[in-house]
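What follows is the residue order along each chain.
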Amino acid sequence: MQAQYFLGLSFGRLRNFVNGVWMDSRTDVWRPVYDPGAGRVIAEVPYATDEEVNSAVEAAAEAFEKWSRTPFLERVKYLFEIKHVLENHLDELAAINTLNHGKTLDESRGDLRRAIENVDAAIAAAYTLAKGEMLHEVSPRIDEYSVKEPLGVFAVISPFNFPIMIPFWFFPYAIALGNTVVIKPSDITPVPMARVMEILQQEVKLPPGVLNLVHGGKETAEALVKHPHVKGVCFVGSTPAARNIYRLAGEHGKRCIAQGGAKNYIVVMPDADMDVTTPATVSSFFGNTGQRCLAGSNLLVVDNGFKKSFLDKFSRRSRELVIGHGLLPGVEMGPLVNKAAMTRVKNYVEKGVEEGARLLLDGTEVRIQDFPDGFYLGANIFDEVTPDMTIAREEIFGPVASVITASSLDEAIETVNTRTDYGNMACIFTSSGSNAAKFIKNVNAGNIGVNIGVAAPAAYFPFAGRKNSFYGVLHGQIDSVDFFTDKKVVITRW
Ligand code: NAD
């Protein structure tokens, strides 16, 4: 289908999906949902009432009784079906993802591929990792074995920036292992996951209550965490919200994965291959319009005189990025997700200037002729940034690169480790194996890139994160096999 078709789409009042049925919300609180590329309202999202949250959890709890006893191979068959329908609807879902989020179609397709990869990994994990262990003759006539059992209802609470992919970091594993789920998508980008649920309802036909969806914001998230039937919570979002969820989960005795915000350093060594480094760093800082928890934010250049020529290339390529509506061909950078995000990023650019950084590239005055109401910004690049400046410390979550200079790799590692409270990702660009090895061993972050600008782990690895970027013990993706099950150890004498 042509972009034109999706540009005109509206979705009306969104509904909650509970026990296999779409339910109109009885709430009084509704908020507009935008196509940020056009600044047009495309839907209204309800803030579910406590009663609605309760009915979703109750439905999931009831479904758990049967689903957890459904033969393992039968459960996995549904996952094969989910993969199949996602593949079939990939282009449509990518377009809806772009329409509501703003990212380019290629970026949305990438998100969908990662979602599908997680279904694959959940199938593989369920087959290979969910089995327990057995030891015969621990003592005479005594055998001992362990099994991994599902726990019950899990809540999945997701952020705006990967509306489909992030729920897929968790729910395929949860249901493959016999649990049931209530998803609460972001209230800013609720449309793509609502469409996924429609497709799953019509074409996969999971038993009612296995997968539910309620819309809302902070209060909905909190109500889910506090609900006595919810056994665990998977949360991804900003650090203050992650902390809130982790604290609440602890208070209510729930297991919790809480992935928070980020402030990622990208280190460029003088020996880096510029043909690799320039496109990879531009894409790290400005891909997804900088709205990625694995986006570069501080560009730490270890200078011996090459910095000027590197920054010339980096700025030139960044200036050339084609900005526009993500649904249109050739666009390389879409809008910010909403007006508030656009204003926040502009304020950070002003702050950087105020604090004495030098604005090499100013993207705050971008206008897109055909979409005058869209929330557009271009790439912004600051030089002469110091690690104590606000723009170097706080998460901006938009297209702003802050260039900091260091005189050695040791100083760069020290800066990464001590000048940010976050630890989601750190990357190095170098052609030296020993520089890379030193960086990998000494840097304190969860996901490390070497000549990679966005170190996003494949689904077969955990999605790591440290310091204020992560609260919990087990991580998402493959680690969640242990997260979504509990061990039972049986000792027998016969
Ligand atoms: P957000 O924290 O505003 O919202 C995330 C989710 O939590 C939403 O569903 C929202 O409704 C809910 N929520 C908001 N405030 C809450 C509160 N105080 N208590 C409980 N729930 C609350 O985040 P966002 O703006 O939607 O997403 C961007 C943030 O997510 C950035 O900070 C980004 O770094 C982070 N993020 C992290 C990862 C990761 O893997 N670590 C991945 C993607 C995004």
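Residues numbered from 1 in each chain as written. Predicted model: local features only at pLDDT ≥ 70, side-chain atom pairs only at ≥ 80, totals over all residues. Heavy atoms only, no water.

Trainee: Can you walk me through the site of the ligand in this structure?
Mentor: For the ligand, the set of nearby residues contains 30 residues, the closest of which are S158, S238, Q259, G260 and E395. In the model, an oxygen atom of the ligand is placed 2.6 Å from a nitrogen or oxygen of the S238 side chain. Q259 places a polar side-chain atom, nitrogen or oxygen, 2.7 Å from an oxygen atom of the ligand. Taking 830 Å² as the accessible area of the ligand by itself, protein coverage stands at 87%. When residues of the shell around the ligand are traced back to their parent elements, those giving at least two are helix 6 (165–176), helix 8 (218–226), strand 11 (230–236) and helix 9 (239–251). The element contributing the most residues to the shell around the ligand is helix 9, with three residues. (Near = heavy atom within 4 Å. Polar contact = N/O pair within 3.5 Å; in protein donor to acceptor, adjacent residues only side chain to side chain. Areas by Shrake-Rupley, 256 points an atom, 1.4 Å probe, with all protein chains shown as cover. Helix = DSSP H or I, 4+ residues; strand = E, 2+ residues; numbered from the N terminus.)

Trainee: Teacher, can you tell me more about the sheet that holds strand 1 (residues 12–13) here?
Mentor: Spatially, three strands are ordered 1-5-4 in an open sheet, and the strand pairing comes out mixed. The sheet is open, and its two edges are formed by strand 1 and strand 4 (30–35), each paired on a single side. Where strand 4 lies against strand 5 (residues 40–46), six bridges are found, and the strand directions are antiparallel. Each residue of the ladder has a partner; that of R31, found in strand 5, is V45. On the sheet, helix 4 (residues 90–101) packs against strand 4 and strand 5 and is oriented at approximately 110° with respect to strand 4. (Pairing = 2+ DSSP bridges. Contact = heavy atoms within 4.5 Å. Axes fitted to C-alpha atoms, helices over the stretch in contact; angles between N-to-C directions.)

Trainee: Help me out: how do you make sense of the domain arrangement of the chain in this one?
Mentor: Interfaces are often described in size by the accessible area the parts lose on coming together. In terms of domain boundaries, the chain breaks down into domain 1 (3–260 + 469–493) and domain 2 (264–459). Measuring from the centre of the C-alpha atoms in domain 1 to the corresponding centre in domain 2 gives 31 Å. Counting from both sides, the interface comprises 33 residues of domain 1 and, opposite them, 30 residues of domain 2. For the domain 1 and domain 2 pair, buried surface summed over both sides reaches about 2500 Å², with 60% attributable to carbon and sulfur atoms. A per-residue breakdown of the area domain 1 buries against domain 2 is headed by P36, G37 and S469, which together make up 19% of the total. Put simply, domain 1 and domain 2 have zero salt bridges between them. (Domains from an automatic or database assignment. Buried area = accessible area lost by both parts, 1.4 Å probe. Salt bridge = Lys/Arg side-chain N within 4 Å of Asp/Glu carboxyl O.)

Trainee: Is there a simple way to think about a nonpolar patch on the surface in this case?
Mentor: Together, L73, F80 and Y127 give the surface a local cluster of nonpolar side chains, amounting to about 310 Å² of exposed area. Here L73 is to be found in helix 3 (residues 72–88). For L73, a relative accessible area of 52% corresponds to the exposed category. (Patch = residues over 30% accessible without salt bridge, like charges linked within 9 Å, V, L, I, M, F, W, Y side chains within 5 Å. Buried < 20%, exposed > 50% of the residue type's maximum accessible area, 1.4 Å probe, protein only.)

Trainee: Explain the sheet that holds strand 25 (residues 485–493) here, please?
Mentor: Pairing between the strands of a sheet is mediated by backbone hydrogen bonds and can be parallel or antiparallel. Across the sheet, which stays open at both edges, the three strands sit in the order 6-7-25 with antiparallel pairing between neighbours. Among the strands making up the open sheet, the edge pair consists of strand 6 (133–139) and strand 25. Adjacent strand axes in the sheet meet at a mean angle of 25°, parallel and antiparallel pairs treated alike. Bridge analysis of strand 6 against strand 7 (residues 142–150) gives four bridges, and the strand direction is antiparallel. Bridge assignment links M134 to a residue of strand 7, and that residue is Y145.

Trainee: Got a minute to help me understand the packing of aromatic side chains in this structure?
Mentor: The geometry of an aromatic ring pair is captured by the separation of the ring centres together with the interplanar angle, meaning the angle of the planes. In total, this model carries 18 aromatic pairs according to the counting rule given. Here the aromatic rings of Y34 and F375 are separated by 5.9 Å at their centres, their planes lie at 75°, and the arrangement is edge-to-face. One end of the pair, Y34, is in strand 4; the other, F375, is in the loop between strand 15 (358–361) and strand 16 (380–383), and 341 residues separate them in sequence. With a relative accessible area of 29%, Y34 lands in the partly exposed category. Here a set of aromatic residues connected by ring pairs shows up, and it is made of F285, F286, F306, F310 and F314. Here the guanidinium or amino end of R31 rests over the ring plane of Y47, the centre of that ring lying 4.7 Å away. (Phe/Tyr/Trp six-rings, centres within 6.5 Å; stacked < 30°, edge-to-face > 60°. Lys NZ or Arg CZ within 6 Å of the ring centre and 35° of its normal.)

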